[in-house]
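Survey of secondary and tertiary structure
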Amino acid sequence: MRGIEKCRNVVIGLPAVLAVCVLGVSSVAWGDPCEVVDDGTGTVSLPPEGCEYLSPDEVHLIIDGLPAGTTIELAPIHLDFICRKGGGGPHCGTDDGTGTGGEFETFDSNLDLTLTGTGTLATFGRSISIPILCQTATGPRNPGDPVQSFPTEMIALQGAIFGDPDFAQLDFTAGVAFGLPSPGQTTLTRLGPPGSNFQVDSFFDITYTVDFVGAPGGALAGLAGSTTGIIRMEAGAAGSDCVPALDGTLGCEPISCPVTSETCTPRCANYNPTTGAVSVVDCDCRGPNECQVQVGTVGAAGRSLPIGGPCVIPEGPPGTITMPPAGCDYLTADEVHMLLDGLPPNTTIEMDPIHKGLFCEQGPVGGFPGCPPPGICEDTGGPLGGNVDCFTSSLNFNIQGTGDLAGFNRVLSVGNVLCQVATGPRNPGDVVQDFDTEMVALQGALFGDPDFCTLNITGGSLFGLPSSTGHTTLTSTGGGSFNVDSFFDITYQIEFVGCPGSVLDGLSGTTQATVRMATGAQPRCAGDCPPGTTCVETITTNADGTIDICCDCVGDTCTVLGARSCSDHGTAADPTRICLDILPPASQIEPRLAGADSIEIDVSGGTATSASITCVNSGAYGGLITVTQVGGTVTVDMAPPLPDQDACTITLDTGCSVCVRTLAGDIDRNGIVSTGDASIIKPHFGQSATVAGAEFDFDQNDIVSTGDASIVKPRFGHTAPSCP
């Protein structure tokens, strides 16, 4: 029994509008296998005796002739097929006379209906069985083949009841013979060796007409009408429709996709920015890592929450809330903290995080400067010109080792994490309040653990790390609360020392990277696409204010002809600006110690307005990206610059992309910083920072000197990663 109801309106080009609902009305499970014996000729006789055609998520409807807002839903099961051929023989079908091997099947059956009224007929409910006379047509097939797939069509379906206490007349008509096209498809799959049974998967998209006249004295007395609609009836479909999960979870029905390596995956999700509610509205069979919308059950911890979970906070200060949003959790969608440094080659420790238990300290935290005074949770000030708040929290990690540490799995909780957050200006009282945020400081440590004798986590500019910027949107629910959609791109540093006798004995290191933590965040697209295509996110705002986010692999609409990495020594109009050629798809190396902060890409076709950046080591780029295009040249400016010793793929919204390898000091671009790079600088000593010398002026004092060479020397041995 399916107890979930979902409705949508489908305009079918006829006077009626068909409301299609998912109803828990059938006592027979949708997709029950339909197995039929070989009739001795290497195929089966149709219709499939003993099987039933059901509608997994649709109902017949009576609309016309009923009061406004009222329907009668008729959930169908088509069963009890009896061949009317006569004369014996293995087949019910007779040759259709086309000479192709197609057949006509004529048979009796029953249409069992569960009737449910709505609107003014909300208390009306009963079951009816209508005797049906049918004729179907089947296309040619090759008896003996292990898989036989052919088109089918409902030529005619007709049935009626008379003298019912509620219906003086109830007629069902369908099929092309009545001007009601009802095409379909059937697939027979041999389940074993020759002579064994066949699995039957069959459906008809039936266009039907229901005519009724209410019986005097019954619930429908005085009512009459004629409704036309479309419904899919299936037998043995084994869940052949890839549709959103009918149990209301954030997923899709677990069907068997035509390609065995694919699964039924969320393609589109609906997001309500007012309440934070998320639902899957469309699914598609796709590969495990193929482009899809991320709505939940993501990350190594296998959570069953939406990304960040809906975060709704009661109004605190008049017209707004107090940050941080107490009671909400910040999670990552598809990223993890990583331990890389100090581990054996090809070995990592992945730490899937949940940042929770945000508790305002109402006073200084950890000695961080700028915290509100005691008794005040959030106060004006901070680097963003809005407010600043300090709080304690906890970081929970689901830990998983790879490589030499495969099988190392732990759950850790780092308590008493000290944080300071700055927020930009907002206007309390506004229905939507949109402002920048920054994690100024984050500090936590684990003590007394059997595996980690030391595990220190820091983040934020207060500790000399790149700014952990973010953004927050508050949307009023209209009921004294706000939905919070918030994220931080946190650049973190993790230091660890393994404990003696543990699996980490003798290991230690320091890893720095960036990860996005979000709460209440709307769904987003992620995943891979076949070569020549890109995972593209389409966002549609609906009339009710909700947002549909759909993800598809779209063919590239532009081609990268060439690219250049430009230093921030000047501007495009400044002769000191230096641009280094990059050849796609595997780029040259950016040699400046400042890192690449501007990429010029020559494209053929398409106009770019935005870009995304993903780096091999540091993950999603969390800084500010500005995209401009003049003619065929797209300029992508970044602040802060791309991280050093990384390979970052810049993907334009037009679909094309280029990878930039960043390795500060690698002047000869051979993938490693060595004495050869220092020797290249030396002949330029004394040269001013012109186009010829700007790339060697690492300290940017407008002259190439021994100071620039000394900057390169400590980096000897640094290598560049490969582009993905």
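Residues numbered from 1 in each chain as written. Predicted model: local features only at pLDDT ≥ 70, side-chain atom pairs only at ≥ 80, totals over all residues. Heavy atoms only, no water.

**As for the overall build of the protein chain**
Secondary structure assignment for the protein chain yields 2 helices and 42 strands. Each of the 724 residues in the protein chain was classed as buried or not, and the buried ones make up 50%. Restricting to contacts in the protein chain with at least 6 residues of sequence separation, those with at least 24 account for 62%. With an accessible surface of roughly 30,000 Å², the protein chain has 54% of that area assigned to carbon and sulfur atoms. (Helix = DSSP H or I, 4+ residues; strand = E, 2+ residues; numbered from the N terminus. Buried < 20%, exposed > 50% of the residue type's maximum accessible area, 1.4 Å probe, protein only. Contact = heavy atoms within 4.5 Å. Areas by Shrake-Rupley, 256 points an atom, 1.4 Å probe, with all protein chains shown as cover.)

**Here's the deal with the nonpolar core**
If you look at the biggest cluster of nonpolar residues, it comprises 44 residues, and the most contacted ones within it are L339, I349, M351, F397, I399, F452 and L455. For this core, the secondary structure elements donating two or more residues are β20 (337-339), β21 (349-360), β23 (387-401), β24 (409-423), β25 (432-446), β26 (452-459), β28 (481-498) and β29 (508-519). Among the elements that make up this core, the one with the highest residue count is β28 (7 residues). Listed in part, the 36 residues of the second largest apolar core include L66, A75, L113 and L170. (Core = buried A, V, L, I, M, F, W, Y, C linked by side-chain atoms within 4.5 Å.)

**Overview of unusual backbone geometry**
With an omega of 5 degrees, the peptide bond running from L46 to P47 counts as cis. With respect to the helices, strands and loops of the structure, P47 is situated in the loop between β3 (35-36) and β4 (53-54). Note that the residue after A639, namely P640, is joined by a cis bond; omega there is 5 degrees. Note that P640 resides in the loop between β40 (633-639) and β41 (646-652). For N346, which is not a glycine, the phi torsion comes out positive at approximately 60 degrees. As for its placement among the helices and strands, N346 is situated in the loop between β20 and β21.

**Brief notes about the pairing of β26**
With 5 bridges joining them, β25 and β26 adopt antiparallel strand pairing. In the strand pairing of β26, Q443 is matched with T458. In sequence, β25 turns back onto β26 through a hairpin of 5 residues, with G448 there showing a positive phi of about 75 degrees. Sheet analysis places β26 next to β28, joined by 7 bridges and oriented antiparallel. Bridge assignment links N456 to a residue of β28, and that residue is E495. (Pairing = 2+ DSSP bridges.)

**Comments concerning the packing of aromatic side chains**
On inspection of all chains with the given rule, the structure shows 7 aromatic pairs. Aromatic pair F368 and F463: ring centres 6.2 Å apart, planes at 80 degrees, arrangement edge-to-face. Here the residue F368 occupies a position in the loop between β21 and β22 (378-380), and F463 occupies one in the loop between β26 and β27 (468-476), the gap between them amounting to 95 residues. For F463, a relative accessible area of 31% corresponds to the partly exposed category. Here R516 stacks its cationic end above the ring of F487, 3.8 Å away from the centre of that ring. (Phe/Tyr/Trp six-rings, centres within 6.5 Å; stacked < 30°, edge-to-face > 60°. Lys NZ or Arg CZ within 6 Å of the ring centre and 35° of its normal.)

**Some remarks on the pattern of salt bridges**
According to the stated counting rule, one finds 13 salt bridges in the structure shown. Of the charged contacts, one joins E103 and R141 as a salt bridge, the two residues approaching to 3.4 Å between their closest N and O atoms. Highlighted residues: E103 in strand β8 (residues 103-117) and R141 in the loop between β9 (125-138) and β10 (147-162), separated in sequence by 38 residues. Among the residues examined, R141 registers a relative accessible area of 13% and is labelled buried. With a shortest N-O distance of 2.8 Å, R267 and D552 are connected by a salt bridge. (Salt bridge = Lys/Arg side-chain N within 4 Å of Asp/Glu carboxyl O.)

**Let's talk about the state of the cysteines**
As used here, a disulfide is simply a covalent bond connecting the sulfur atoms of two cysteines. In the structure shown here, the tally under the stated rule is 8 disulfides. Shown here is the disulfide that connects C453 with C499, its sulfur atoms set 2.2 Å apart. On the S-S bond that ties C453 to C499, the torsion sits near 135 degrees, and the link is right-handed. Remark: C499 occurs in the loop between β28 and β29 and C453 occurs in strand β26; sequence separation between them is 46 residues. Residue C499 is classed as buried on the basis of its relative accessible area of 6%. (Disulfide = S-S within 2.5 Å.)

**Some remarks on the confidence of the model for the protein chain**
Low-pLDDT stretches of the model should not have their predicted coordinates read in fine detail. Overall, the prediction assigns the protein chain a mean pLDDT of 80, with 84% of residues at 70 or greater. Within the protein chain, strand β2 (residues 17-21) has the poorest average pLDDT of any element, 26, and β26 the best, 95. A low-confidence stretch, residues 1-31 (pLDDT under 50), is modelled with 78 contacts involving residues beyond four sequence positions or located in other chains. pLDDT under 50 marks residues 297-306. Its contacts with residues more than four places away, or in other chains, come to 26 contacts. (pLDDT = per-residue confidence, 0-100.)

**Details of the environment of F447**
Inspection of the secondary structure puts F447 in the loop between β25 and β26. Taking the C-alpha atoms as reference points, F447 and G415, separated by 32 residues in sequence, lie 10.0 Å from one another.

**Description of the pairing of strand β15 (residues 263-271)**
Counted residue by residue, β15 has 7 buried out of 9 residues, so it is predominantly covered. Relative to strand β16 (residues 278-286), β15 runs antiparallel, the two sharing 8 bridges. The residue of β16 that forms the bridge with C264 is C285.

**Brief notes about the environment of L384**
Within the fold, L384 resides in the loop between β22 and β23. If we ignore the near neighbours within four places in the chain, the residues touching L384 are A422, T423, G424, P425, D436, T437 and E438.

**Let's talk about the side chain of N270**
Structurally, N270 can be placed in strand β15. Given the relative accessible area of 16%, N270 is considered buried. Within polar-contact distance, the side chain of N270 engages the side chain of D548 at 2.8 Å. (Polar contact = N/O pair within 3.5 Å; in protein donor to acceptor, adjacent residues only side chain to side chain.)

**Topic: the environment of D95**
With respect to the element layout, D95 can be found in strand β7 (residues 94-95). Its relative accessible area of 53% is what places D95 among the exposed residues. Here the alpha-carbon distance between D95 and T138, two residues 43 residues apart in the chain, equals 9.8 Å. Sequence-distant contacts of D95, defined by excluding residues within four places in its chain, comprise G102 and F104.

**A closer look at the side chain of T348**
Structurally, T348 is set in the loop between β20 and β21. In terms of polar contacts, T348 uses its side chain to reach the side chain of T402, at 2.6 Å. Discounting residues that sit within four places of it in the chain, T348 has contacts with M338, L339, L340, L343, Q400, G401 and T402.

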